[in-house]
Amino acid sequence: MSATVAFPVPTPQGPKTVTVSYARVGRGEPLLLLHGIGHHRQAWDPVVDILATERDVIAVDLPGFGASPALPEGLAYDLPTTAAVFRAFCETLGLERPHVAGNSLGGLMALELGREKVVRSVTALSPAGFWSQAERRYAFAVLLTMRRIARGMPLPLVEKLARTTAGRTALTSTIYARPGRRSPEAVVAETLALVNAPGFDDTLRAGTGVLFTDDIPGIPVTVAWGTQDRLLLRRQGVRAKRMIPRSRLVRLPGCGHCPMNDDPALVARVILDGSR
């Protein structure tokens, strides 16, 4: 079920209304899914049906991405604001400490929600925030280049490229190790999501100084990294394990930065095992 919800978020200037689009399916304990920068909730489509057999799955478009409008003026695209937004989102939907899984930016957000004890377990797939400065600059440069190229392509060209395996590889090989598995329609939709995301630039700017430097005691944490991740290199997973020593570090063989599409069965199993 696809829906939109608006709710107040407290700020020093008083409450501001945030609107979030999401899709909800399945039954069981609630599981929140958070995508990466420039993506949308449909990034989780390859695994949602598997997860929904055991979880009440809520896949969210982050504010300023997908079908969710930008944050209202005065709200920053930083971790404290994001945590406040999703705390309010969970209260509005009646989700009492859901499990959370996130990819890339969403993985960093999931870890922040875990640090603040908003959730009962965290699964972070290639989370941001464990980079060196050189690795961060590289990742940001790649993301900016992807967006610039996507913005420069007319829609008919994107649609033409998406119809062939070679074209889908050209459009998405930075984030998928097996881009040929992505459907043409999905590739077109996520290219448009990258082009049109009003929160992209502010989110990237807010991430310039971000490092995740806290342990997360008291809740289960899984950090999973694709062995073919070309955006956030897999050695960053070792740093995450050092920072969160009780976490479970899982390698995802043959998977890229967004592993949900490369090996849906494996990723779903990792998420379900991490949210027991």
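It should be noted that the structure appears before, not after, this text.
Given the structure is predicted, the values throughout are model-derived calculations rather than measurements.

Caption draft 1: Seen up close, the overall build of the protein chain. Secondary structure summary: the protein chain contains eleven helices and eight strands in total. Since a compact globule built from 276 residues should have a radius of gyration of about 19 Å, the 17 Å found for the protein chain is in line with a globular shape. If one aligns the C-alpha atoms of the protein chain with their principal axes, the spans along those axes are about 45 × 40 × 40 Å. A total of 276 residues make up the protein chain; the buried ones form 55% of that total. Across the protein chain, contacts joining residues at least 24 apart in sequence account for 71% of those joining residues at least 6 apart. On the protein chain, roughly 11200 Å² of surface is accessible, and the fraction owed to carbon and sulfur atoms is 55%.

Caption draft 2: Quick look at the packing of aromatic side chains. Summed over all chains, the structure comprises five aromatic pairs. The interplanar angle of 75° and the centroid separation of 6.0 Å between the aromatic rings of Phe86 and Phe89 together place this pair among those described as edge-to-face. Here the residue Phe86 and the residue Phe89 both occupy positions in helix H2 (residues 79–93), the gap between them amounting to three residues, near one helical turn. Grouped by ring-pair contacts, the aromatic residues Phe7, Tyr22, Phe86 and Phe89 constitute a single cluster. Its end group placed over the ring of Phe140, Arg136 keeps NZ or CZ at 5.0 Å from the ring centre.

Caption draft 3: Expanded view of empty space enclosed by the protein. If you walk through the whole model with that rule in mind, you get one cavity of 30 Å³ or more. For the largest cavity, the calculated volume is near 330 Å³. If you trace the largest cavity, you find 27 residues lining it, with Ile37, Leu105, Leu108, Met109 and Thr203 closest to the centre. At the level of secondary structure, the elements contributing two or more residues to the lining of the largest cavity comprise H2, helix H3 (105–115), helix H4 (133–152) and helix H8 (200–206).

Caption draft 4: Focus on the pattern of salt bridges. For the structure on display, the rule yields 16 salt bridges. Salt-bridge contacts for Arg87 lead to Glu116; the nearest nitrogen and oxygen are separated by 2.3 Å. On the criterion of sequence distance, the pair formed by Arg87 in helix H2 and Glu116 in the loop between H3 and strand E6 (121–125) is long-range, its members being 29 residues apart. The class for Arg87 is partly exposed, based on a relative accessible area of 31%. Here Asp202 makes a salt bridge to Arg205, at a shortest N to O gap of 2.4 Å. Note that Asp202 and Arg205 are positioned in helix H8 at a spacing of three residues, about one turn of the helix. According to the relative accessible area criterion, Asp202 is partly exposed, its value standing at 33%.

Caption draft 5: Geometry of the side chain of Arg147. With respect to the helices, strands and loops of the structure, Arg147 is situated in helix H4. Note on Arg147: relative accessible area 4%, which makes it buried. In terms of polar contacts, Arg147 uses its side chain to reach the backbone carbonyl oxygen of Val195, at 3.3 Å. If we ignore the near neighbours within four places in the chain, the residues touching Arg147 are Leu194, Val195, Asn196, Ala197, Phe200 and Asp201.

Definitions and cut-offs
- Residue indices begin from 1 for each chain and proceed along its sequence in written order.
- Local features in this predicted model are restricted to residues of pLDDT 70 or higher, and side-chain atom pairs are both shown and tallied only at a pLDDT of 80 or more, whereas totals for entire chains, interfaces and linings draw on every residue.
- Water and hydrogen atoms play no part in the side-chain values, which are based on all heavy atoms of the structure.
- To qualify as a helix, a DSSP run of H or I must reach at least 4 residues; to qualify as a strand, a run of E must reach at least 2; elements of each kind are numbered from the N terminus.
- Two things to know: the radius of gyration comes from C-alpha atoms, and the globule rule equals 2.2 Å times the number of residues to the power 0.38.
- Burial here depends on accessible area, computed with a 1.4 Å probe over protein chains only, as a share of the maximum for the residue type. Under 20% is buried, over 50% is exposed, and the range in between is partly exposed.
- Two residues qualify as a contact provided that any one of their heavy atoms is within 4.5 Å of a heavy atom in the partner residue.
- Note on areas: these come from Shrake-Rupley sampling with a 1.4 Å probe, and a residue is covered only by the protein chains present in the view.
- By convention, a stacked pair of Phe, Tyr or Trp rings (six-membered ring in the case of Trp) has centres within 6.5 Å and planes under 30 degrees apart, an edge-to-face pair has planes over 60 apart, and any other such pair is tilted.
- Counting as a charge over the ring demands two things of the Lys NZ or Arg CZ atom: a distance within 6 Å of the ring centre and an angle within 35 degrees of the ring normal.
- Lining residues are defined by having an atom within 4 Å of a point belonging to a cavity or pocket. Those points lie on a 1 Å grid over the protein atoms alone, cavities being sets where a 1.4 Å probe fits but cannot get out and pockets being open sets with protein on both sides within 12 Å along at least five of seven lines.
- Grid points are joined across faces, edges and corners, and a volume is the space filled by probe spheres set on the points.
- Salt bridges are defined as contacts in which a side-chain nitrogen from Lys or Arg sits within 4 Å of a carboxyl oxygen from Asp or Glu.
- Polar contacts, as counted here, are pairs of nitrogen or oxygen atoms within 3.5 Å of one another; within protein the pair requires one atom able to donate a hydrogen and one able to accept it, and residues that are adjacent in sequence qualify only if both atoms are side-chain atoms.

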